[in-house]
Amino acid sequence: MKDMTDIRIPRAINWNRLEDDKDLEVWNRLTVNFWLPEKVPLSNDIPSWATLKDFEKTLTIRVFTGLTLLDTIQNTVGAPSLMPDAVTPHEEAVLTNVAFMEAVHARSYSSIFSTLCSTKEVDEAFRWSEENPHLQAKARAILETYAPGNDPLKRKIASVFLESFLFYSGFYLPMYWSSRAKLTNTADLIRLIIRDEAVHGYYIGYKFQRGMEKLPEAEQQALKDYAYSLLFELYEIENQYTEELYDEIGLTEDVKTFLHYNANKALQNLGFEALFPPEVSEVNAAILAALSPDSENHDFFSGSGSSYVIGKAVATEDEDWDF
Amino acid sequence: MSDVCPEASLPTCFPDIVYYSSTSENTLRFVERLGLPAKRIPISPKVTGPVIDRPFVLICPTYADGEGRGAVPKQVIRLLNDPDTRALLRGVIGSGNRNFGTLFASAGDVIARKCNVPLLYKFELAGFDNDIARVRAGLEQMGRNLGLAQMGDAPCSTMA
Ligand SMILES: Cc1cc2nc3c(=O)[nH]c(=O)nc-3n(C[C@H](O)[C@H](O)[C@H](O)COP(=O)(O)O)c2cc1C
Ligand SMILES: [Fe+2]
Ligand SMILES: [Fe+2]
């Protein structure tokens, strides 16, 4: 009986009374996005997998174990650590969805492994990931900020960097294979993950901005400084991780460009300015096309006036349009 | 925070810019960096929208549901449902995030198709420096073309 007074009973959540419309908007998008790896016909990639050289297979499995680690962290520590800081009950509910989808992401790499690889190859790669100093260093840097008692806004900064920056040294590879018509079903699955991470990074970044705007100027500046210095720390690690993985296949420079581009997007999710100039962050067209198929060229300004493309068919519901 | 009008006094060749931006304000940040007169479509349906009386380009972020439905924010649809406003629309710039795959900036595609106007450009989030430069140059060129063809009452400052 004596402990009863310490129990905090949450308010029953009422989705018909919102404090922040973004909560419902993001909830809706996340729930319609729901998917499971079984939905993707991964076994169609078996013939393609067989065409990869041994070192390319090793690279691919290692990249996926690295991604598995990040999703595991976000599933069991990252997203749950944000819940006590939630400002609205709806935010907390959204974060439970985020946490669960991270488990789906982590689980789906194992689906890829069981479809394409031998147990021995996979066990070796998991051992590699446990011993790789760069992978362990980035996990540690993130987990330090997630620790209980730390500044909730710094935790959100680290979370956005994980969601919108750290994954991309890994995501590059399936996009690269896809641009060469290899492992295309695996790429379809990775694109589902990438889409989820976009909403996660957006939402956590959005909540960060709502929290930061309440602070006095000096504290805002201190948080901004913290964000850029954490990004630099992670960027150093990512560079080394990238070199170790991609030197052999000769893609290191291309991956680094992709890192710059995604670092810029992570900063924008936090409401900050991009850091890397276009010269080092313009990603090659094949990778961009792999990210967003059928929509490569959007600069119709540069054509002559008559070559403008009128929008192509996209699903619309017509109920809101009067014409 | 409703209007960004740093150079409003300059009679330029640029078409007007009208944009929507939700509370995450990426599109607002893009428009601020463009540094051109621009009118914001209010987020709240209770607030009346901007007066539009010159040819304009619409900049619109994407909020689709995963199947592509609902890509164009309701507030923007409401604006475009007005035939007089729609008649002044000269082109659309869509924004979003490439990570949404085939639905990247699909609000631009939808508006271009519905309103039969050119899709001029797509950019991500708050845009990067090269996007800003391209859009500025593109709008200037477009304004010059429009000025010659349709805007006798709003002459271009660069033309003698
Ligand atoms: C619920 C939700 C759905 C979204 N859907 C798409 C989409 O289908 N395609 C896309 O390119 N971007 C999509 N986005 C990304 C936004 O368009 C992008 O973040 C944009 O910069 C938002 O502009 P704003 O901050 O000015 O409102 C979505 C974002 C959210 C929160
Ligand atoms: Fe994930
Ligand atoms: Fe995530």
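Definitions and cut-offs
Residues numbered from 1 in each chain as written. Chains lettered and ligands numbered in written order. Predicted model: local features only at pLDDT ≥ 70, side-chain atom pairs only at ≥ 80, totals over all residues. Heavy atoms only, no water. Helix = DSSP H or I, 4+ residues; strand = E, 2+ residues; numbered from the N terminus. Buried < 20%, exposed > 50% of the residue type's maximum accessible area, 1.4 Å probe, protein only. Contact = heavy atoms within 4.5 Å. Areas by Shrake-Rupley, 256 points an atom, 1.4 Å probe, with all protein chains shown as cover. Donors = N, O, S within 2.8 Å, 3.2 Å for Na, K, Ca; no water. Pairing = 2+ DSSP bridges. Right-handed = clockwise from strand over helix to strand, strands pointing away. Buried area = accessible area lost by both parts, 1.4 Å probe. Salt bridge = Lys/Arg side-chain N within 4 Å of Asp/Glu carboxyl O. Polar contact = N/O pair within 3.5 Å; in protein donor to acceptor, adjacent residues only side chain to side chain. Nonpolar A, V, L, I, M, F, W, Y, C, P; charged D, E, K, R; others polar. Near = heavy atom within 4 Å. Axes fitted to C-alpha atoms, helices over the stretch in contact; angles between N-to-C directions. Parallel < 35°, antiparallel > 145°, perpendicular 65-115°, else oblique. Left-handed = near helix turned anticlockwise from the far one by under 90°. Tetrahedral: all angles 85-135°; square planar, octahedral: opposite > 155°, others 65-115°.

Secondary structure summary: chain B contains five helices and six strands in total. In chain B, the succession of α and β elements from N to C terminus is β-β-α-β-β-α-α-β-α-β-α. A total of 160 residues make up chain B; the buried ones form 61% of that total. Residue pairs at least 24 apart in sequence account for 67% of intrachain contacts in chain B once pairs closer than 6 positions are excluded. Counting only carbon and sulfur atoms, one obtains 54% of the accessible surface of chain B, whose full area is about 6,300 Å².

Its location among the elements puts L245(A) in helix α10 (residues 217-246). Considering only alpha carbons, one finds L245(A) and D85(A), 160 residues apart in sequence, at a separation of 36 Å.

Right, let's get into the coordination of the iron ion (ligand 3). Residue and element names in this part refer to chain A. Listed as protein donors to the iron ion (ligand 3) are E102 (OE), E163 (OE), E163 (OE), E197 (OE) and H200 (ND1); their distances from the metal cover 1.9 to 2.7 Å. Linear spacing of the donor residues for the iron ion (ligand 3) on their chain is E-x60-E-x33-E-x2-H. A separation of 3.5 Å is found between the iron ion (ligand 3) and the iron ion (ligand 2), which share E102 as a coordinating residue. One end of the pair, E163, is in helix α7 (residues 152-166); the other, E197, is in helix α9 (residues 184-212), with 34 residues separating them in the sequence. Each member of the pair E163 and E197 is classed as buried.

With that out of the way, let us pick up the pairing of strand β3 (residues 38-41) of chain B. Residue and element names in this part refer to chain B. Pairing of strand β2 (residues 16-20) with β3, which is carried by four bridges, proceeds in the parallel orientation. Pairing of Y20 across the sheet is with I41, part of β3. Crossover handedness for the path β2 to helix α1 (residues 26-34) to β3: right-handed.

Turning our attention to the interface of chain B and chain A. With 55 residues of chain B at the interface, the matching set in chain A holds 49 residues. Taking both sides of the interface into account, the surface hidden between chain B and chain A amounts to around 4,600 Å²; carbon and sulfur atoms contribute 57%. Of the charged contacts in the structure, one is a salt bridge between E282(A) and R134(B), with a shortest N-O distance of 2.9 Å. The interface formed by chain B and chain A contains 19 residue pairs in polar contact (both at pLDDT 80 or more). Going through the elements one at a time, α1, α2 (74-80), α4 (106-115), β6 (118-124) and α5 (129-149) of chain B are the ones with two or more residues in the side of chain B that touches chain A. Considering every element that reaches the side of chain B that touches chain A, the biggest residue donor is α4(B), with eight residues. Looking at the side of chain B that touches chain A residue by residue, the class counts come to 24 nonpolar, 17 polar and 14 charged.

With that settled, consider the site of ligand 1. The environment of ligand 1 is formed by 20 residues, the closest being S21(B), S24(B), T27(B), T62(B) and Y63(B). Proximal residues around ligand 1 fall on chains A and B, making this an inter-chain site. Measuring from a nitrogen atom of ligand 1, one finds a backbone N or O atom of L103(B) at 3.0 Å. Against a free-state accessible area of 640 Å², the protein chains account for coverage of 99% of ligand 1. The set of elements that each furnish at least two residues to the shell around ligand 1 consists of α1 (21-33) of chain A together with α1 of chain B. Considered class by class, the residues forming the shell around ligand 1 number nine nonpolar, eight polar and three charged.

What follows deals with the packing of α10(A) against helix α11 (residues 252-269) of chain A. All names here are of chain A. Contact geometry of α10 with α11 gives a least axis separation of 10 Å together with a crossing angle of 155°. Taken together, α10 and α11 sit at an angle that is classed as roughly antiparallel. The interaxial crossing formed by α10 with α11 has right-handed handedness. Counted together, Y228, L231, Y235, E238, N239, T242, E243 and Y246 of α10 and T252, V255, K256, L259, H260, A263 and L267 of α11 form the full contact between these two elements.

The next subject is the coordination of the iron ion (ligand 2). All names here are of chain A. The protein atoms that coordinate the iron ion (ligand 2) are D71 (OD), E102 (OE), H105 (ND1) and E197 (OE), at distances spanning 1.9 to 2.2 Å. In this structure, the iron ion (ligand 2) is coordinated by four donor atoms arranged in tetrahedral fashion, with angles at the metal of 92 to 134°. Donor residues for the iron ion (ligand 2) sit on one chain with the sequence pattern D-x30-E-x2-H-x91-E. Take D71: its relative accessible area is 0%, and that puts it in the buried class. We classify E197 as buried; its relative accessible area is 0%.

In short, geometric facts, not functional conclusions.
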